[in-house]
Amino acid sequence: MKLAIEARSLLQAEGDVLVVGGYAEENRLAPAVAALDRALKGLLSEVVRTEKFAGKPEQIAYVHTAGRLPAKRVLLVGLGTRREVDAERVRRAAAAALRRARDLGARIVSTALLGDGLAPKVSAQALAEGALLGAYTFDRYKREKNEKAVDELRVVDPKGRQEAAIKDGLRLGELFAGAACFARDLVNEPANRVTPTHLAKVAVEIARDGRLRLKVYDRADCQKLGMGAYLGVAQGSQEPPKFIHLTYTPRGRGRRKIAIIGKGITFDSGGLDLKTADGMRTMKDDMSGAAAVLAIMRSLPALGLPLEVHGLIAATENMPSGTAQRPGDIVCALNGTTIEIGNTDAEGRLTLADALAYAVKEVKPQEIIDLATLTSAIVVALGNLCSGVMWNDKPLADRLLAAAEAAGERMWPLPLIDEYKELLKSDVADLNNVGPRGGGALTAGIFLREFAGSTPWVHLDIAGTAFTEKDLPLGPKGGTGVGVRTLLTYLMEEARRR
C-alpha cells in the first residue's frame, strides 16, 4: 500500500473512499465532517441517524456521494469520546476503516488525520500502522486469493502546514507496521519451510541488505562454545541447529550496547515428553521471538539509531527420536551451570539459557531483552491478549513497559519471587529445568534469570499473544508480530536517553 500526503481540503479529496472520524457523546458532527454533510445535502447525517451511528470505537457508517464530492464514498469511523482518543484508538479505527474500504473494492482511499487532540506526527504514525496492520493478509499458499486490495492511502492535510510532521509519522508507521508484518509472515509460514537453516538464510539477507555483521554458528561451533543446553534440545531433530548473531553498529560510537534474544524453536513437538495433537497444532509459532528479532534487526538501518544492537537466536526444532534427550538427562550450559532435564517440553528455556550466557560472555551488553513463547502458564495467568514481563532490573522494565503502552501492545509485570528458586532444585545438578505446575511462568523466568547474571535483563513471555486463533482489531488469525513495535519504540526512546 502506497502512502501519500495531499495538501487539499476534505471537500476536494479524491478516491474511492474518504475516511473521517466521528466521536461518541456528541450531538453534532465535527466541523470538517459537517462541511462534507452540507455538500452531500444531509446524506451523511441521514445515514448516521438511520444506522444509529454513535461514534463507538471502530463503528462504521458510509454513504455514496452521488457525484456531489470528488470521492465516491464517505466513510465515518468511530473514535469513542474525545478524552479517550489516543494512538491505539487511532490505529484500531484506521484498521477497521481500511478493511471496510478494501471490502467495498476501494483501490484509492483518502483520509483525514484521526484524533483531533493528537500531534500530527503521532496521529500519522498511528494511522499508517493501523492501516497496514489491519489490511494484512497471508494467502501465499491459497490458489484463490482475495483480489481486493487498497493500493494507495492518501492523508489529507487541509492547510498544507503539517507536511513534514505527517511525512515523518507516515514513514515511522510504515516502518513499524512493515516490521511487524515481516515477523507475521515468518510465523505464518509452515514449519516445513521455516527451519533453522531458513532462519539463518533470512539473517544472511538481512545482514546483506542492511550491512549488518553476522555470525551463524553450526553444531560444531556451538559444541566448542560449550552450549550443552541448546544442543541437548537440538539433538533429537534431523534439522541442523543454527545459532544466529546479527549486529547493528551505528556510524558513530553507540550510546548503549543492547542484546535482544528471540526464542527460535521452529517446531515444538515437546520432544519425548510429547505434546498432544491439539497442543502441537500451532507449534510453528514457537519461533515468534526469533521472528521479532529478525524484524527488528532488519529495521534498524532505516532508523539509524546511535545504539549498538545485537540480535541473538538459538534456532532448532524440538523433536522426538532415537537421539532425542531424555527426562533425567543432565546438560551443561555455556556458563558452566548443570541442568537436569525434568521435562523435554520445557526446551525453550534451555536454548535461551545458552543464548543469555553467550550474550553475557561474548557480547557484554549493558542490557538484555528476550522474547519467548515460553510457557502455557502465562496464558492461564494473562490470557491471549497480554504478554508477561519479568526482570532483574526495574528501571529497565519500567522503560520497556512504557514503550509497550505507547506501541499499544498490552504487557503486564509479574514478580520473580526469590523463594521460588527452591522449586527448581535438583538432587543431581545445579538446576532442574522445570518446577511444579503452580507459578510455571515465574519459575521459568527465575530459571532464565540465572543465566542473565548481573546484566540488567527483561523477559517477555509472549506465549499467549504471538499467535491468535481469531481475528483481532489490528490483524487476522495467525501470527501477530507481537513485541516488534514495542521494542522499536523502546530503542528509539533509548537513542534519545542520555
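Just above sits the structure.
As a starting point, this report considers the structure included with it. Please read all numbers here as calculations on a predicted model, not as lab measurements. (Residues numbered from 1 in each chain as written. Predicted model: local features only at pLDDT ≥ 70, side-chain atom pairs only at ≥ 80, totals over all residues. Heavy atoms only, no water.)

### Description of the overall build of the chain
Logical step 1: Looking only at helices and strands, one finds 15 helices and 19 strands in the chain.
Logical step 2: A compact globule built from 498 residues would reach a C-alpha radius of gyration of about 23 Å, and the chain, at 24 Å, matches this within 12%.
Logical step 3: By its C-alpha atoms, the chain is 80 × 50 × 45 Å across when sized along the principal axes.
Logical step 4: Within the chain, counting contacts between residues at least 6 apart in sequence, those at least 24 apart form 78% of the total.
Logical step 5: Surface summary for the chain: the accessible area is close to 21,100 Å², and the carbon and sulfur share equals 49%.
Logical step 6: Of note, the chain has its 68 positive side-chain charges centred 6 Å away from the centre of its 61 negative side-chain charges. (Helix = DSSP H or I, 4+ residues; strand = E, 2+ residues; numbered from the N terminus. Rg over C-alpha atoms; globule rule 2.2 N^0.38 Å. Contact = heavy atoms within 4.5 Å. Areas by Shrake-Rupley, 256 points an atom, 1.4 Å probe, with all protein chains shown as cover. Lys, Arg positive; Asp, Glu negative; His and termini not counted. Charge placed at Lys NZ, Arg CZ, Asp CG, Glu CD.)

### Examining empty space enclosed by the protein
Logical step 1: What the rule picks out here adds up to 2 cavities of 30 Å³ or more.
Logical step 2: There is about 40 Å³ of room inside the largest cavity.
Logical step 3: Taken together, Ala183, Val187, Ser288, Ala291, Ala292, Ile462, Ala466, Gly481, Val482 and Val484 form the lining of the largest cavity.
Logical step 4: When contributions to the lining of the largest cavity are tallied by element, the ones reaching two or more residues are helix H5 (163–188) and helix H10 (288–303).
Logical step 5: With 3 residues, the single largest contributor to the lining of the largest cavity is H10.
Logical step 6: Classifying every residue of the lining of the largest cavity by side-chain character gives 8 nonpolar, 2 polar and no charged.
Logical step 7: In this structure, the second largest cavity encloses a volume near 30 Å³. (1 Å grid on protein atoms, 1.4 Å probe; cavity = no way out; pocket = protein on both sides within 12 Å on 5 of 7 lines; lining within 4 Å. Points joined across faces, edges and corners; volume = space filled by probe spheres on them. Nonpolar A, V, L, I, M, F, W, Y, C, P; charged D, E, K, R; others polar.)

### Considering the layout of surface pockets
Logical step 1: In this structure, the largest pocket occupies an estimated 1,200 Å³ of space.
Logical step 2: What lines the largest pocket is a set of 44 residues, among which Lys275, Thr375, Ser376, Ala377 and Val379 lie closest to the centre.
Logical step 3: Elements with a minimum of two residues in the lining of the largest pocket: strand E9 (257–268), helix H9 (277–280), helix H12 (376–382), helix H14 (440–452) and strand E18 (467–468).
Logical step 4: For the lining of the largest pocket, the element with the highest residue contribution is H12, accounting for 5 residues.

### Observations regarding the sheet that holds strand E6 (residues 152–156)
Logical step 1: One open sheet accounts for 6 strands, arranged E1-E6-E5-E2-E4-E3; its pairing is mixed. Of all the strands in the sheet, just strand E1 (2–6) and strand E3 (60–64) have a single pairing partner and so form its edges. Going from strand to strand, the sheet's axes swing by 25° on average, the running direction of each strand aside.
Logical step 2: Relative to the sheet, helix H3 (residues 87–103) contacts strand E2 (17–22), E3, strand E4 (73–78), strand E5 (108–112) and E6, its axis offset from that of E4 by approximately 145°. (Pairing = 2+ DSSP bridges. Axes fitted to C-alpha atoms, helices over the stretch in contact; angles between N-to-C directions.)

### Some details on the pairing of E6
Logical step 1: E6 sits mainly inside the fold: 5 of its 5 residues count as buried.
Logical step 2: Side chains of E6 alternate between two faces, with Glu152, Arg154 and Val156 and Leu153 and Val155 buried alike.
Logical step 3: Sheet topology note: the E1/E6 ladder contains 5 bridges and is parallel. When the sheet's bridge partners are listed, Lys2 is paired in E6 with Glu152.
Logical step 4: Where E5 and E6 come together, 5 bridges link them in parallel fashion. Bridging across to E6, Thr111 finds its partner in Val155. (Buried < 20%, exposed > 50% of the residue type's maximum accessible area, 1.4 Å probe, protein only.)

### Overview of the pattern of salt bridges
Logical step 1: Under the defined criterion, the tally for this structure stands at 39 salt bridges.
Logical step 2: Between Glu26 and Arg82 there is a salt bridge, with the nearest N and O atoms lying 2.5 Å from each other. With Glu26 in the loop between E2 and helix H1 (31–39) and Arg82 in the loop between E4 and H3, this pair connects stretches of sequence that are 56 residues apart.
Logical step 3: Classification of Arg82 by relative accessible area gives partly exposed; the value is 36%.
Logical step 4: Its salt-bridge partner being Arg256, residue Glu494 comes within 3.2 Å of it at the nearest N-O pair. Linking Glu494 in helix H15 (residues 484–496) with Arg256 in the loop between strand E8 (242–248) and E9, this pair joins segments that are 238 residues apart in sequence.
Logical step 5: On the accessibility criterion, Glu494 (2% relative accessible area) is buried.
Logical step 6: Taken together, the shared-partner salt bridges in this structure form one network comprising Glu88, Arg91, Arg92, Glu129, Glu409 and Arg485. (Salt bridge = Lys/Arg side-chain N within 4 Å of Asp/Glu carboxyl O.)

### Some details on the pairing of E9
Logical step 1: With 11 of 12 residues buried, E9 is to be regarded as a mostly interior element.
Logical step 2: Examined bridge by bridge, E9 and strand E10 (residues 308–318) share 11 bridges and lie parallel to one another. Residue pairing for E10: Ile258 is matched across the bridge by Val309.

### Observations concerning the nonpolar core
Logical step 1: In this structure, Leu246, Ile260, Leu294, Leu460 and Leu491 are the most contacted members of the largest nonpolar core, which totals 60 residues.
Logical step 2: Of the residues forming this core, the biggest block, 10 residues, is contributed by H10.
Logical step 3: Counting residues in each nonpolar core, the second largest holds 45 residues, with Leu424, Leu431, Ile446 and Ala452 among its members. (Core = buried A, V, L, I, M, F, W, Y, C linked by side-chain atoms within 4.5 Å.)

### Let's talk about the environment of Val363
Logical step 1: Here Val363 lies in helix H11 (residues 348–363).
Logical step 2: Taking the C-alpha atoms as reference points, Val363 and His310, separated by 53 residues in sequence, lie 7.8 Å from one another.
Logical step 3: Non-local contacts of Val363, meaning those with residues more than four positions away in its chain, are made with His245, Lys257, His310 and Tyr358.

### Digging into the packing of H10 against H15
Logical step 1: Axis separation between H10 and H15 bottoms out at 10 Å; the angle between their running directions is 40°. One way to sum up the angle between H10 and H15 is to call them oblique. Classified by chirality, the crossing of H15 by H10 is right-handed. Residues Ala292, Ala295, Ile296, Ser299, Leu300 and Leu303 of H10 pack against Val484, Leu487, Leu488, Leu491 and Met492 of H15.
Logical step 2: Taken together, the residues of the contact of H10 with H15 sort by class into 10 nonpolar, 1 polar and no charged. (Parallel < 35°, antiparallel > 145°, perpendicular 65-115°, else oblique. Left-handed = near helix turned anticlockwise from the far one by under 90°.)

### Some thoughts on the environment of Gly348
Logical step 1: By the element assignment, Gly348 lies in helix H11.
Logical step 2: Its relative accessible area of 3% is what places Gly348 among the buried residues.
Logical step 3: Leaving out residues up to four positions away in the same chain, Gly348 has contacts with Lys263 and Leu374.

Just geometry here; none of it tells us what the structure is for.
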